[in-house]
Amino acid sequence: MSTETSHQPNHDGHSVAMRVERRWAVFAGGLIVLLVIVMIYLGMHSAMTSPSRVETIDPSRLQMSGEFVENNLGSAVEPDGSVTVRFIAQQYSFTPQCVLMPADTAVTLRVTSADVVHGLEIMGTNVNAMIEPGYVSTLATVFPKPAEHLMPCHEYCGFGHQTMWAHVKVIDKATFFEAARHSRRLSCVSR
Ligand code: CUA
């Protein structure tokens, strides 16, 4: 008798615990499946900050040849009407120091580092990436309206890290393309 009464609640408690545990297991398992589906969906549509394809570059030769030579930096209009922006990060500045872009236009950023790992963040937007020496970071984005943003380096890169930042000026689309007719590469450093 005494064993039965003491045994009964224990047995019930055990089955309740099993049921609750199973429910949590199903919930957690479902959550993992859902997150994997979300990752695959976003990756396939590359709509979010999915990793860009791996593109390597010799960081010691950036200034000598290739697309990151000095007169090729800044914003350029492509034949399809999109804009490609190239800039370099180095201890402790970005080149150009002020990046000019049109609003409401497909923009591709191509960025690399001349020395160590730096961070790319355009404040107030979802542009956020690492800039690694030896690799070209590529980001596609659209700035909806004219605005000015700060672009700080957000990856500790040495003693001058906190002084490393640039400006991003997003201007009216028509104004940008008018200026682009007179200049092959645009930046707002001298504007
Ligand atoms: Cu460059 Cu921190």
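Note that the structure is a prediction, hence the values are computed from the model and not measured. (Residues numbered from 1 in each chain as written. Predicted model: local features only at pLDDT ≥ 70, side-chain atom pairs only at ≥ 80, totals over all residues. Heavy atoms only, no water.)

Digging into the pairing of strand 5 (residues 106-113)
Regular strands have side chains that alternate between both faces of the sheet.
Then, number 1: By the criterion of burial, strand 5 is predominantly enclosed, with six of the eight residues buried.
Then, number 2: Inspection of the sheet shows strand 2 (residues 83-90) paired to strand 5 by seven bridges, in the parallel sense. In the sheet register, threonine 84 faces strand 5, and the bridge partner there is threonine 108. (Buried < 20%, exposed > 50% of the residue type's maximum accessible area, 1.4 Å probe, protein only. Helix = DSSP H or I, 4+ residues; strand = E, 2+ residues; numbered from the N terminus. Pairing = 2+ DSSP bridges.)

Section: the pattern of salt bridges
Then, number 1: Within the structure shown, the criterion is met by four salt bridges.
Then, number 2: With its nearest N and O atoms 2.6 Å apart, the salt bridge here joins arginine 110 to glutamate 55. Taken together, the residues arginine 110 in strand 5 and glutamate 55 in the loop between helix 1 (2-45) and strand 1 (74-77) connect sequence positions 55 residues apart.
Then, number 3: A salt bridge links glutamate 178 to arginine 181; its shortest N-O distance comes to 2.9 Å.
Then, number 4: Judged by relative accessible area, which is 64%, arginine 181 ranks as exposed.
Then, number 5: One connected set of salt bridges, linked through shared partners, spans Glu55, Glu67, Arg86 and Arg110. (Salt bridge = Lys/Arg side-chain N within 4 Å of Asp/Glu carboxyl O.)

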